[in-house]
Amino acid sequence: MLINKILVVGSGAREHAIVKAIDRSKHRNEIYCAASSFNPGISELSNELIILDINNPDIIVKYANEKNISLCIIGPENPLSNGVADALSNDGVKVVGPKKELAMLETSKAFTRDLLNEYKIPGSPIYSRFKNLKGVSTFLKKLGENYVVKYDGLAGGKGVKVSGEHLHSHSEAIDYCNFLIKQNNEFVIEEKFIGEEFSLMSFCDGKTLKHMPVVQDHKRAYEGDTGPNTGGMGTYTDKDHSLPFLNKKDLKEARDINIATSKAIKNKCGKGFKGVLYGGFMATSSGVKLIEYNARFGDPEAMNVLSLLESDFVEICIAIAEGTLNEIDVSFQKKATVCKYAVPEGYPDNPVKGEPIDVSSIDNSDTLFFASVDYKNASLVESGSRTVAVIGVANSIAEAETIAEKEISSIKGPLFHRSDIGKKSLIQKRIDHMMLLR
Ligand code: AMP
Ligand code: GLY
C-alpha cells in the first residue's frame with residue numbers, strides 16, 4: 001500500500017486534533033508537522049515536528065519538497081492569508097486549505113459582506129464600508145443602538161467592537177473608527193444581531209459540501225460569559241449534531257448559507273474553495289444570520305468534531321483536494337462532546353508564562369490536546385496562550401461535561417478554566433434566551 005506523506009501546518013490544539021484524526025486513518029501515513037512552537041502531543045504521533053516560519057510559502061514548499069509531501073493540511077488562518085496553499089498547490093501538493101484569494105472570506109470582512117450582498121445570500125446585516133469618517137455618523141444614526149464596528153482584516157477576534165459590550169455610545173464608536181483610520185485601516189460598520197451564536201463547519205471541495213455537527217463556542221474568559229474575549233474557552237456539541245437551542249429550520253438555513261457561499265465564491269474567483277468552510281452564525285428572532293466566515297477549522301471546534309468523525313480523515317482530505325467529496329461518505333458518531341481549555345492565570349490580558357504544568361493525572365490521554373506549551377529545564381511549561389484542552393465524549397452533554405471537567409481539573413499549575421461550559425444551567429440560559437426571542 002502506498003504511503004501518504006502528510007504535512008500538517010500549525011502546532012496548536014486544533015492541529016493536535018488533526019494529527020490524532022490522521023493517526024486513526026486505516027491508510028499508511030507518515031505525518032510531518034511544520035510548527036510555530038513545540039507540541040509534545042503532535043511530536044509523539046508524527047515522524048518529525050520542525051519549528052519554522054509557517055507563514056512563509058517558500059519555506060513551507062522547500063520543506064514539503066524535502067519530505068516528498070503529497071498532502072498538506074493547513075490549520076491556522078495566517079499561512080492561508082500569506083498564500084501557503086497557493087504555493088504548495090502550484091508545486092503539485094494536494095492541499096486542504098483555500099488559496100489566498102478565497103481565504104479572503106476570513107481575511108476581509110468587507111469582501112465577505114460584499115460577496116453575500118452581490119449573490120443575494122440571506123442572513124446578512126445592513127452594513128457599510130469605510131476608509132474615513134465620511135458618512136460614519138449618519139450610518140450610526142441609521143443603526144441606532146445596535147451596531148458593530150469591525151476592522152477589515154485579521155486581528156484574532158480583537159478587531160470587532162460591539163455596541164453595549166465594548167462601545168457604549170456613538171462617540172465611543174467614532175473614537176474607535178478614528179483609531180483604525182490613524183493606522184490606515186479600512187473598516188465595516190454593521191447591524192448588531194441579537195441571539196445565540198453557533199459554528200457550522202463544512203468540508204468543501206469546491207463543489208460539494210459535507211457538513212459537520214454544529215458547535216457552540218464560549219468566547220468570554222470567565223464564568224457566566226463575563227470578562228474579555230478570548231480565542232474560545234470551550235465548546236460543546238449534542239448527540240443529534242444540532243444544539244439544544246436550535247431547530248431544524250435554523251440548521252437548514254445555516255447549511256444553505258454555507259452552500260450558497262461556496263457557489264458564490266467559486267463564481268466570483270473562478271476557482272473553488274477547498275478546505276473547511278466555517279460559518280459563524282447567530283440564531284435570531286428573524287432567522288439565522290451570518291456573523292463571519294473562517295477559512296479553516298475552529299479552535300476548539302476541531303476537537304469536538306474530529307473526536308466524533310467516523311469516516312477516514314485522510315480519505316476526506318484527499319477528496320477535498322481532488323474534488324471528489326461527492327463520492328465518499330462523511331459520518332460522525334451520534335454522541336455529545338464537551339471541550340474545555342485550561343489557560344494561564346491572567347489570560348488573555350496579562351498571562352503568566354514559563355510556569356510548569358503537570359498533566360500526569362489525566363485519566364485518559366486520548367482526551368488531551370496540547371496548545372501553547374513548551375519545555376523548560378525538562379519540564380512542561382505554559383507559554384502564555386490557551387495551554388491545553390480536554391474533550392469529553394458521551395451519550396449526553398451532561399455526561400461529556402462531567403468527563404471534561406474531571407480531566408481539566410486534574411491538570412496542575414497556575415491555570416484556570418470555565419467550569420460552567422456544558423453545564424445544564426448555562427445551556428438552559430441559551431434555550432430560555434432563544435425562547436424569549438422567538
Ligand atoms: P468576528 O471576529 O466577526 O467573529 O466577531 C467577533 C465576535 O463579535 C463574534 O463572535 C460575535 O460575538 C460578535 N459579533 C460580530 N459581528 C456581530 C454582529 N453583526 N452582531 C452581533 N455580534 C457580532
Ligand atoms: N473558535 C473560534 C475560532 O476558531 O475562530
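Thoughts on the pattern of salt bridges
For step 1, the next point in the chain: Here the structure, examined in full by the defined rule, presents 27 salt bridges.
For step 2, the next point in the chain: Glu315 is the salt-bridge partner of Lys26, the closest N and O atoms lying 2.8 Å from each other. Linking Lys26 in the loop between helix H1 (13-23) and strand E2 (29-35) with Glu315 in helix H12 (residues 313-322), this pair joins segments that are 289 residues apart in sequence.
For step 3, the next point in the chain: Glu315 gets classed as partly exposed once you look at its relative accessible area, which sits at 29%.
For step 4, the next point in the chain: Here Lys94 makes a salt bridge to Glu322, at a shortest N to O gap of 3.5 Å. Of this pair, Lys94 sits in strand E5 (residues 94-96) while Glu322 is found in helix H12, placing the two residues 228 residues apart along the sequence.
For step 5, the next point in the chain: What makes Glu322 partly exposed here is its relative accessible area of 47%.

Concerning the site of ligand 2
For step 1, the next point in the chain: In the neighbourhood of ligand 2, the contacting residues comprise Asp217, Gly231, Tyr278, Asn294, Arg296, Gly298, Asp299, Pro300 and Glu301.
For step 2, the next point in the chain: The contact in question runs from an oxygen atom of ligand 2 to an N or O atom on the backbone of Asp299, over 2.9 Å.
For step 3, the next point in the chain: A per-class count over the shell around ligand 2 returns two nonpolar, three polar and four charged.

Some words on H12
For step 1, the next point in the chain: Of all the ten residues making up H12, seven are buried; the element is thus mostly covered by neighbouring parts of the structure.
For step 2, the next point in the chain: Taken residue by residue, H12 has Phe313, Val314, Ile316, Cys317, Ala319, Ile320 and Ala321 as its buried positions.
For step 3, the next point in the chain: After H12 finishes, the residue Gly323 shows a positive phi value of roughly 75 degrees.

Quick word on the site of ligand 1
For step 1, the next point in the chain: Close to ligand 1 lie 14 residues, the nearest being Glu190, Phe193, Glu197, Lys219 and Glu292.
For step 2, the next point in the chain: Contact between ligand 1 and Glu190: a nitrogen atom at 2.9 Å from a side-chain N or O atom of the residue.
For step 3, the next point in the chain: Measuring from a nitrogen atom of ligand 1, one finds a backbone N or O atom of Phe193 at 2.9 Å.
For step 4, the next point in the chain: In the complex, the protein chains occlude 90% of the 470 Å² of accessible area that ligand 1 would expose alone.
For step 5, the next point in the chain: Listing elements by their share of the shell around ligand 1, those giving two or more residues are strand E7 (147-151), strand E8 (160-162), strand E9 (187-191) and strand E17 (287-294).
For step 6, the next point in the chain: Classifying every residue of the shell around ligand 1 by side-chain character gives six nonpolar, no polar and eight charged.

Brief notes about the side chain of His16
For step 1, the next point in the chain: One can find His16 in helix H1.
For step 2, the next point in the chain: The exposure class assigned to His16 is buried, which follows from its relative accessible area of 3%.
For step 3, the next point in the chain: From its side chain, His16 meets the backbone nitrogen of Phe370 in a polar contact 3.0 Å long.
For step 4, the next point in the chain: Look past the residues within four positions of His16 in its chain and what remains in contact with it is Asn39, Gly41, Ile42, Leu368, Phe369 and Phe370.

Comments concerning the nonpolar core
For step 1, the next point in the chain: By size, the foremost hydrophobic cluster in this structure holds 120 residues, and its most contacted members are Leu7, Leu88, Phe198, Phe203, Phe297, Leu306 and Phe313.
For step 2, the next point in the chain: Not counting residues up to four positions away in its chain, the partners in contact with Leu306 are Ala17, Ile18, Ala21, Arg24, Phe297 and Phe313.

A look at the sheet that holds strand E6 (residues 127-130)
For step 1, the next point in the chain: Spatial strand order, E6-E9-E7-E8: four strands in an open sheet with antiparallel pairing. Edge positions in the open sheet fall to E6 and E8, since each of these has one partner strand only. Averaged over all pairs of adjacent strands, the angle between their axes in this sheet comes to 15 degrees, without regard to strand direction.
For step 2, the next point in the chain: Sheet topology note: the E7/E8 ladder contains three bridges and is antiparallel. Each residue of the ladder has a partner; that of Lys150, found in E8, is Val160.
For step 3, the next point in the chain: Packed onto the sheet, helix H7 (residues 109-118) meets E6, E7, E8 and E9 and runs at close to 140 degrees relative to E6.

Some thoughts on the environment of Lys271
For step 1, the next point in the chain: Relative to the helices and strands, Lys271 resides in the loop between helix H10 (248-269) and strand E16 (274-284).
For step 2, the next point in the chain: Put simply, Lys271 and Glu101 are 170 residues apart on the chain and 9.5 Å apart in space, counted from C-alpha to C-alpha.
For step 3, the next point in the chain: In contact with Lys271, not counting residues within four places along its chain, are Lys99, Glu101, Leu102, Ile265 and Lys266.
For step 4, the next point in the chain: Only 2.8 Å separates the side chain of Lys271 from the side chain of Glu101, close enough to count as a polar contact.

Some thoughts on the environment of Asn258
For step 1, the next point in the chain: Relative to the helices and strands, Asn258 resides in helix H10.
For step 2, the next point in the chain: Remark: the alpha-carbon pair of Asn258 and His211, spanning 47 residues in sequence, is separated by 9.1 Å.
For step 3, the next point in the chain: Beyond its immediate chain neighbours, meaning those up to four positions away, Asn258 contacts Leu200, Ser202, Leu209, Leu277, Gly279, Phe281 and Tyr293.
For step 4, the next point in the chain: Reaching out from Asn258, the side chain makes a polar contact with the side chain of Tyr293 at a distance of 2.7 Å.

Considering the sheet that holds E5
Each strand in a sheet pairs with its neighbour through backbone hydrogen bonds, running either in the same direction (parallel) or in the opposite one (antiparallel).
For step 1, the next point in the chain: The strand order E3-E2-E1-E4-E5 describes an open sheet built from five strands, whose pairing is parallel. At either margin of the open sheet sits one strand with a lone partner, and together these are strand E3 (48-51) and E5. Shown here is a sheet whose adjacent strand axes are inclined to one another by a mean of 20 degrees, direction ignored.
For step 2, the next point in the chain: Judged from the four bridges that link them, E2 and E3 form a sheet pairing that is parallel.

Things to note about the state of the cysteines
For step 1, the next point in the chain: Counted according to the given criterion, the structure contains zero disulfides.
For step 2, the next point in the chain: Free of any disulfide, Cys269 has its nearest cysteine sulfur in Cys204, 12 Å distant.
For step 3, the next point in the chain: Under the relative-accessibility criterion, Cys269 is labelled buried at 13%.
For step 4, the next point in the chain: For the unlinked cysteine Cys339, the closest cysteine sulfur is that of Cys33, found at 18 Å.

The rules behind the values
- Residues numbered from 1 in each chain as written.
- Chains lettered and ligands numbered in written order.
- Predicted model: local features only at pLDDT ≥ 70, side-chain atom pairs only at ≥ 80, totals over all residues.
- Heavy atoms only, no water.
- Salt bridge = Lys/Arg side-chain N within 4 Å of Asp/Glu carboxyl O.
- Helix = DSSP H or I, 4+ residues; strand = E, 2+ residues; numbered from the N terminus.
- Buried < 20%, exposed > 50% of the residue type's maximum accessible area, 1.4 Å probe, protein only.
- Near = heavy atom within 4 Å.
- Polar contact = N/O pair within 3.5 Å; in protein donor to acceptor, adjacent residues only side chain to side chain.
- Nonpolar A, V, L, I, M, F, W, Y, C, P; charged D, E, K, R; others polar.
- Areas by Shrake-Rupley, 256 points an atom, 1.4 Å probe, with all protein chains shown as cover.
- Contact = heavy atoms within 4.5 Å.
- Core = buried A, V, L, I, M, F, W, Y, C linked by side-chain atoms within 4.5 Å.
- Pairing = 2+ DSSP bridges.
- Axes fitted to C-alpha atoms, helices over the stretch in contact; angles between N-to-C directions.
- Disulfide = S-S within 2.5 Å.

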